[in-house]
Amino acid sequence: MEKKMKKVLDVFLCLFLSILAIMGSTLAFDYSLVMRILLFVIILIISIIGKRKEKRTKWVSLIFSILYSFIYVLGSNVYDTGGINSLYQNPLILLDTVIAITGTSYLLYLINYYLFYLIDKYKIKTRESKLLNKSYIFLYIWLIIFLLWIPCFLSYYPGIYSYDITKQVNEVFNVSYSKFHPPIHTGIVALMFFIAGKLHIQMISVYGIIQMLLLSYAVTKMLKFIYTKMRNKIYFIIAFVFLVINPVMPTISLIPAKDIYFTAFVLLLIPDLYELIYNKNNFFNSKFNIIKLIFFSLMAMLFRNNASYVFIIFYIVLLILERKDKRVILLSIVPILLFFLVNNVLYSNLKIRDGNSREKLSLPIVQIAYVVERHADTMSDDELKWIDKYIPVDKIESRFNPRLADPVKSKFKTNNYDNNTLDFYKLYITLGSKYFEDYISAFLNLNIPYWYRDASTIDPYSQRGYLETGIYNNHNYFFERASKMPKLYEFYEGFATYETQSKYFILDRLYSLSLPIWLLIFMMFVAILKKQYKNILIMLPLVLLWLTYLLGPVSNFRYIIPLYVMYPTIMYFILRTKEDATS
């Protein structure tokens, strides 16, 4: 009798959860009536007959599902309304929010349980091979990748002249360098002008070819790492297609921005971090490994200003975890010390000016502007006068953009900030305590394409291109496009403008701005499931890098290129077995 009663209760519980799943997921995803009925039947059947016995898998999949559902529902409301108030403005709406999160969580849990279960039990077929360890094979692959990318160069011939390089060219011509853009990258631009002058060709062509060589080398090193660890030809081919045949990759290699050099050094750094964390003694047996890790870390920090925060935090975490190993302690300190010596001593001696301090204030400026834009009519004269000391209040209404900080930021009174820094933060905190909800809304809205799945990749507010491949006007240096392969140029432009990806659902998801962080989060949950916690440590720099972008001025694909090119590596960490760790 008790067993029958228990079965009946189980069926009713499954029925209740299935109804909840349909209600919640419909609120979140807006299904059609036919889809709701079909989905309800499927959920009910899986709920009743599905056997989920693995406790660890259940908890991991449940927590991941709740996290994803909460952020999806949150993002949906922020994206549609511009704020978080719509989630709880009255009890009925709050109930809808709770149902949406709970129901969607249960629906995703049913899916994710089996997905995590299969990944945990999956054993990829491996085969011993040291083929890529042979130097001539490595060079062949590097050459093949470079040659495969040459048609893209010819399509955009003589090159791409976009993003910040025009400002760096002005610095080169005026012989006046600043830290607004990484001086090491501006120095490379100057070197390209020198080489181009000697060869009597366009500077941008020299820049493109050399950067293409660097990125193709870094890609080859990553492919070698993946093949050596995974030892599976099929996966190597998939990784090769993504990193080489993928039309976005050769276009990326021609983009004249610091982000590409930074990406190359991140690609080169990750395999060394892997060896340090998983094969520590073998790593320290080679002085060359130590020098490489220090050099790549230093270069990454010098090519992106926010990367210094990333690697300082990462090496502090590593130092704490390995505090009993003096070798790791020393290794953690050296890159940071070298960065400070270069950034504060060498650059100062070279008379390189500091960048504009407003560049680090994108989020606070947008949050204050958000408050004024919504509450100017009810704010006191003293508050508005205090704000006007740093941001012209009369300019906010016409220049405010919830997903692009630059229009308002360009009017920021930097001199007042530099002379009254504490007063500015007092203003910031005072407004924040009074308008806390608006601060949260402004923060979530500014870079929502980086974390909300359904956000448009080409944001309607910021209207920044996916890859800007044009030729910007500049009085110091200018040229016209003379494509050698016009038809192929149209093909590459289809991907650069995102027109091609937007036509196909799978491509749209694969190239979206939000996929990198969700793939990383999924990888971390898999690592927890398999108890491979060191995987999380290896990927920590990428997570920290993404977090710094949430404080940035706009969501743009070029910023997350380092995460994008790591897809095959992240997937390796998801699929790898425990035996792979020390292989």
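Residues numbered from 1 in each chain as written. Predicted model: local features only at pLDDT ≥ 70, side-chain atom pairs only at ≥ 80, totals over all residues. Heavy atoms only, no water.

(A) Fine view of the overall build of the chain. Helices and strands together make up the secondary structure of the chain, namely 29 helices and zero strands. By residue count, 54% of the 583 residues in the chain fall in the buried class. Just so you have it, the chain exposes about 27700 Å², and 65% of that area is on carbon and sulfur atoms. (Helix = DSSP H or I, 4+ residues; strand = E, 2+ residues; numbered from the N terminus. Buried < 20%, exposed > 50% of the residue type's maximum accessible area, 1.4 Å probe, protein only. Areas by Shrake-Rupley, 256 points an atom, 1.4 Å probe, with all protein chains shown as cover.)

(B) Geometry of the packing of helix α8 (residues 203–230) against helix α29 (residues 567–575). Closest axis-to-axis distance for the α8/α29 pair is 10 Å, and the angle between their directions is 15 degrees. Relative to α29, the element α8 lies roughly parallel. Here α8 and α29 pass one another in a crossing that is left-handed. Residues M222, F225, I226, K229 and M230 of α8 pack against P568, T569, Y572 and L575 of α29. (Axes fitted to C-alpha atoms, helices over the stretch in contact; angles between N-to-C directions. Parallel < 35°, antiparallel > 145°, perpendicular 65-115°, else oblique. Left-handed = near helix turned anticlockwise from the far one by under 90°. Contact = heavy atoms within 4.5 Å.)

(C) Region of interest: the packing of aromatic side chains. For the structure on display, the rule yields 59 aromatic pairs. On the numbers, 6.4 Å between centres and 85 degrees between planes, the contact of F64 with W518 is edge-to-face. Taken together, the positions of F64 in helix α3 (residues 55–81) and W518 in helix α26 (residues 515–530) put the pair 454 residues apart, joining distant regions of the chain. The two residues F64 and W518 agree in class, both being buried. Between the aromatic rings of F339 and F340, the centroid separation amounts to 5.6 Å while the plane-to-plane angle is 70 degrees, which identifies the pairing as edge-to-face. Given a relative accessible area of 38%, F340 falls into the partly exposed group. (Phe/Tyr/Trp six-rings, centres within 6.5 Å; stacked < 30°, edge-to-face > 60°.)

(D) Structural detail: the pattern of salt bridges. Applying the stated rule across the entire model yields 21 salt bridges. The salt bridge partner of E275 is K229, with a shortest N-O separation of 3.0 Å. With a gap of 46 residues between them, E275 in helix α11 (residues 258–278) and K229 in helix α8 connect regions that are remote in the sequence. Given a relative accessible area of 22%, E275 falls into the partly exposed group. (Salt bridge = Lys/Arg side-chain N within 4 Å of Asp/Glu carboxyl O.)

(E) Region of the structure containing the nonpolar core. By size, the foremost hydrophobic cluster in this structure holds 156 residues, and its most contacted members are M203, V219, I252, M539, F557 and Y564. For this core, the leading source of residues is α11, giving 15 residues. Non-local contacts of M539, meaning those with residues more than four positions away in its chain, are made with I270, L520, M523, M566, T569, I570 and F573. Counting 28 residues, the second-largest nonpolar core is a separate cluster that includes L363, V372, Y439 and L446. (Core = buried A, V, L, I, M, F, W, Y, C linked by side-chain atoms within 4.5 Å.)

(F) Spatial organisation of the confidence of the model for the chain. Overall, the predicted model of the chain reaches an average pLDDT of 87, with 88% of residues at or above 70. When pLDDT is averaged over each helix and strand of the chain, the minimum, 49, is found for helix α1 (residues 2–29) and the maximum, 96, for helix α10 (residues 248–254). Overall, residues 5–15 carries pLDDT values under 50, and its contacts beyond four positions in sequence, including any with other chains, amount to six contacts. (pLDDT = per-residue confidence, 0-100.)

(G) How the structure looks around a nonpolar patch on the surface. Nonpolar side chains collect at one region of the surface, where Y136, Y140, I144, L148, I237, V241 and I245 lie side by side and expose about 670 Å² of accessible area between them. Among the elements that line the nonpolar patch, the one with the most residues is helix α5 (residues 135–155), at four residues. Within the secondary structure, I245 sits in helix α9 (residues 233–245). According to the relative accessible area criterion, I245 is partly exposed, its value standing at 47%. (Patch = residues over 30% accessible without salt bridge, like charges linked within 9 Å, V, L, I, M, F, W, Y side chains within 5 Å.)

(H) Spotlight on unusual backbone geometry. Cis geometry is found at the peptide bond from Y157 to P158, where omega equals 5 degrees. Within the secondary structure, P158 is located in the loop between α5 and α6 (165–174). One non-glycine residue with positive phi stands out, namely K351, at about 65 degrees. Secondary-structure assignment places K351 in the loop between α15 (326–349) and α16 (362–375).

(I) Structural context of α16. When the terminal C-alpha atoms of α16 are compared, their 20 Å separation across 14 residues agrees well with the 20 Å that a helix rising 1.5 Å per residue should span. Within α16, eleven of the 14 residues are buried, leaving the element largely enclosed by the surrounding structure. Of the residues making up α16, those classed as buried are S362, L363, P364, I365, V366, Q367, I368, A369, Y370, V371 and V372. The secondary structure elements touched by the buried residues of α16 are α17 (381–388), α18 (393–399), α19 (406–409), α21 (421–434) and α22 (436–446). (Expected span 1.5 Å × (residues − 1).)

(J) Structural view of the packing of helix α13 (residues 287–303) against α15. The contact between α13 and α15 brings their axes to 9 Å, and the two run at 45 degrees. Considered as vectors, α13 and α15 are oriented oblique to each other. Note on packing geometry: the crossing formed by α13 with α15 is right-handed. Here I290, L293, I294, S297, L298, M301 and L302 of α13 come into contact with α15, specifically with L331, V334, P335, I336, L338, F339, V342 and Y347. Per-class residue counts for the contact of α13 with α15 are 14 nonpolar, one polar and no charged. (Nonpolar A, V, L, I, M, F, W, Y, C, P; charged D, E, K, R; others polar.)

(K) Representation of the side chain of S65 within the structure. Mapped onto the fold, S65 is located in helix α3. Here S61 takes part through its backbone oxygen, which lies 2.7 Å from a polar atom of the side chain of S65. Only 3.2 Å separates the side chain of S65 from the backbone nitrogen of Y109, close enough to count as a polar contact. (Polar contact = N/O pair within 3.5 Å; in protein donor to acceptor, adjacent residues only side chain to side chain.)

(L) Structural context of the side chain of D438. Relative to the helices and strands, D438 resides in helix α22. One buried charged side chain, D438, makes no salt bridge at all; its nearest oppositely charged neighbour is R374, positioned 4.8 Å away. In this structure D438 touches Y370, V371, R374 and H375, once residues within four positions along its chain are discounted. (Lys, Arg positive; Asp, Glu negative; His and termini not counted.)

(M) Main features of helix α27 (residues 533–549). An ideal rise of 1.5 Å per residue puts 24 Å on 17 residues; α27 measures up with 25 Å between its terminal C-alpha atoms. A maximum bend of about 50 degrees is found in α27 at M539, where proline P541 lies one to four positions downstream. Among the 17 residues that make up α27, 13 are buried, leaving the element largely enclosed by the rest of the structure. (Bend = angle between axes of the 7 residues up to and from the residue.)

(N) Expanded view of the environment of Y549. Along the chain, the position of Y549 falls in helix α27. Sequence separation of Y549 and Y559 is ten residues, and the distance between their C-alpha atoms is 7.7 Å.

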